[in-house]
There are 2 protein chains.
Amino acid sequence: MEKSIKIFAPATVANVAAGFDILGFALEKPGDEILIRKTDKTGIQIKNESAFTSMPLQPENNTAGVALQAYLDAIESKQGFEITFIKKVKPGSGIGSSAASSAAAVFGANELLGNPLPAKDLVAFAMEGERLASGSAHADNVAPALLGGFVLIRSYHPLDIIPLPTPERLCCSIIHPQIELKTEDARKVLKKQITLQNAVVQWGNTAGLIAGLFREDYALFGRSLQDVIIEPTRSILIPGYDQMKEAALQAGALGCNISGSGPSLFAFSTSLEEASRVAEAMQQVCSSLQIDSDIYVSRVNKKGPIVL
Amino acid sequence: MEKSIKIFAPATVANVAAGFDILGFALEKPGDEILIRKTDKTGIQIKNESAFTSMPLQPENNTAGVALQAYLDAIESKQGFEITFIKKVKPGSGIGSSAASSAAAVFGANELLGNPLPAKDLVAFAMEGERLASGSAHADNVAPALLGGFVLIRSYHPLDIIPLPTPERLCCSIIHPQIELKTEDARKVLKKQITLQNAVVQWGNTAGLIAGLFREDYALFGRSLQDVIIEPTRSILIPGYDQMKEAALQAGALGCNISGSGPSLFAFSTSLEEASRVAEAMQQVCSSLQIDSDIYVSRVNKKGPIVL
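Residues numbered from 1 in each chain as written. Chains lettered and ligands numbered in written order. Predicted model: local features only at pLDDT ≥ 70, side-chain atom pairs only at ≥ 80, totals over all residues. Heavy atoms only, no water.

In the annotation of an unreviewed UniProt entry, the entry for chain A reads Homoserine kinase, and the organism field reads Rhodocytophaga rosea. Under the UniProt heading Subcellular location (unreviewed entry), the entry covering chain A gives this text: "Cytoplasm". Per UniProt, the comment on chain A under Catalytic activity (unreviewed entry) is "L-homoserine + ATP = O-phospho-L-homoserine + ADP + H(+)". (UniProt positions renumbered as here; feature names shortened; annotations may be inferred.)

Novice: Can you explain the UniProt feature "domain: GHMP kinase N-terminal" (unreviewed entry) in chain A? Please cite residues and give values.
Specialist: Residues annotated by UniProt as "domain: GHMP kinase N-terminal" (unreviewed entry) correspond here to residues 67–149 of chain A. For the annotated span residues 67–149 of chain A, helix accounts for 55% and strand for 10% of the residues, and the straight-line distance between the end C-alpha atoms is 21 Å. (Helix = DSSP H or I, 4+ residues; strand = E, 2+ residues; numbered from the N terminus.)

Novice: Account for the UniProt feature "domain: GHMP kinase C-terminal" (unreviewed entry) in chain A, with residues named and values stated.
Specialist: Sequence positions flagged by UniProt for "domain: GHMP kinase C-terminal" (unreviewed entry) are, in local numbering, residues 210–286 of chain A. In the segment residues 210–286 of chain A, helix accounts for 55% and strand for 12%; the C-alpha atoms at its two ends are 31 Å apart.

Novice: Please give an account of the packing of helix 1 (residues 63–74) of chain B against helix 2 (residues 97–112) of chain B that cites residues and values.
Specialist: Residue and element names in this part refer to chain B. Interaxial distance between helix 1 and helix 2 falls to 8 Å at its minimum, and their mutual angle equals 40°. Pair helix 1 / helix 2 crosses with right-handed handedness. Between helix 1, through Thr 63, Ala 64, Ala 67, Leu 68 and Tyr 71, and helix 2, the contact on the second element is made entirely by Ser 98, Ser 101, Ser 102, Ala 105, Val 106, Ala 109 and Asn 110. A per-class count over the contact of helix 1 with helix 2 returns seven nonpolar, five polar and no charged. (Axes fitted to C-alpha atoms, helices over the stretch in contact; angles between N-to-C directions. Left-handed = near helix turned anticlockwise from the far one by under 90°. Contact = heavy atoms within 4.5 Å. Nonpolar A, V, L, I, M, F, W, Y, C, P; charged D, E, K, R; others polar.)

Novice: Explain the relation of the copies chain A and chain B to me, and be specific about the residues and the numbers.
Specialist: For these two chains of identical sequence, chain A goes onto chain B by a turn of 180° and a shift of 0.0 Å along the axis, with RMSD 0.0 Å. The transformation just described matches what one would write down for a two-fold rotation axis. (Least-squares fit on C-alpha atoms with pLDDT ≥ 70 in both.)

See below:
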């Protein structure tokens, strides 16, 4: 058995429009790269060779550390590990930076220990990393980060994870405007009470998204990518949101919405060429507003984490 | 072309747990039987040979009359029709009595006129009958009554009707306790405001129902048959509701909930034998409470209305 392996774990999009808190998917890029190594002494050590210097290195303050510890506690292992971050999804981007780290750590450790648990069972541990990162143990980033593809979190109590089909031609554009927007703050703007009328519109679209994925019906999936509950308040925190979304749709996107709790946006298209045009159209809006941005164009990642 | 035909249109279950207002399915039995005849003079005449004598015979006060008139207006036809009700689903049962009538009328007229419109396009006219019956033009009864199977109403504005797959072994038990419960009153007890937290639970289950139907995953479908928003208030209007549901689950049902706005309950099983046991278990509860009841056991109807 290897003593040290390099892991890639993908960035992910959660809160997929009408799939708030229950639907996420994985990207082919970007993602985290970590080196994970079994050590002779017990405990978790974290090293950072990535570009993001603000990462806490104490395992109890690090999302990957917390996730890994939860995993080790569950399997009652005293094995020590050292995690070295090589590449890291930008923290605070809204594309599952903390989830990618947590997923990479538990996936890597599980590999090094001979896979005592199936990937699906790792989700609960990675969720502990999310609890640290955002104050809420949501699963719609860590589940696709670990399983790949689209994943439904049907229920949190008990946890019920349902992998969904991924239509072959679905391509994703991501724009990450370089503004700061904390997950916790994005949670605070949410209304605790909503109208039943809006909720009905929302779960009609939730159902439409799921049916669209199963049918490989891109038009149905696209017109179901609506959110009448979260987007109206959260989008206000993202400068230029309406114009970016409009630009994406004008460039041919099937739909566009906030990725996670923002500030990134995601849009879907049916080819990488179209997805590139869509990403560029969104970036032009950002540029015109003097906001720097990163863009990514990717198919939906069907594999989840891999050993590099 | 025939001048007169006999039509069967099925009873239906709407508000399928977490599919409130957006998901319905058709039953093989019971249903409405009507005779519809082209007449020489213009206008709609309604005759009633069914057991339910309280049916309004003025077309503008009759759900089938209103639906048929909306259809004729849309296709700009001056053709006159006579509708004779032969068998009728009990009004006020919560299994789409008004929807079956509306569906039968527009389906029959469309047949007699050589099918100028596809079945899907008839839904909007049958909805006008629902508006008369309940004050709200909902589609989750009329759409499955016209199309058969499970049907998703993804959106009302614009109307977007998505037929869904029907798992082969799915069988339904219906119990109709003989108590009066008006659709309008059942609407009044609904809370206009709900918590976001409950809404997330609800649309997780909405998504689970849709995924369960596509996967033919009976266990997933069953555990998704939950409703944390409507059932808690509406079930109070149905005496013995909790005991009936408990009896259904004890007898092996996959799930059980309120049919439409009640007072009927539906439950699902994976065989007709099991569905019979479930129906009987629910009926025993009704009997113990001195409430008369009708029970029906049926597969899911995949055809919608038929010419007899």
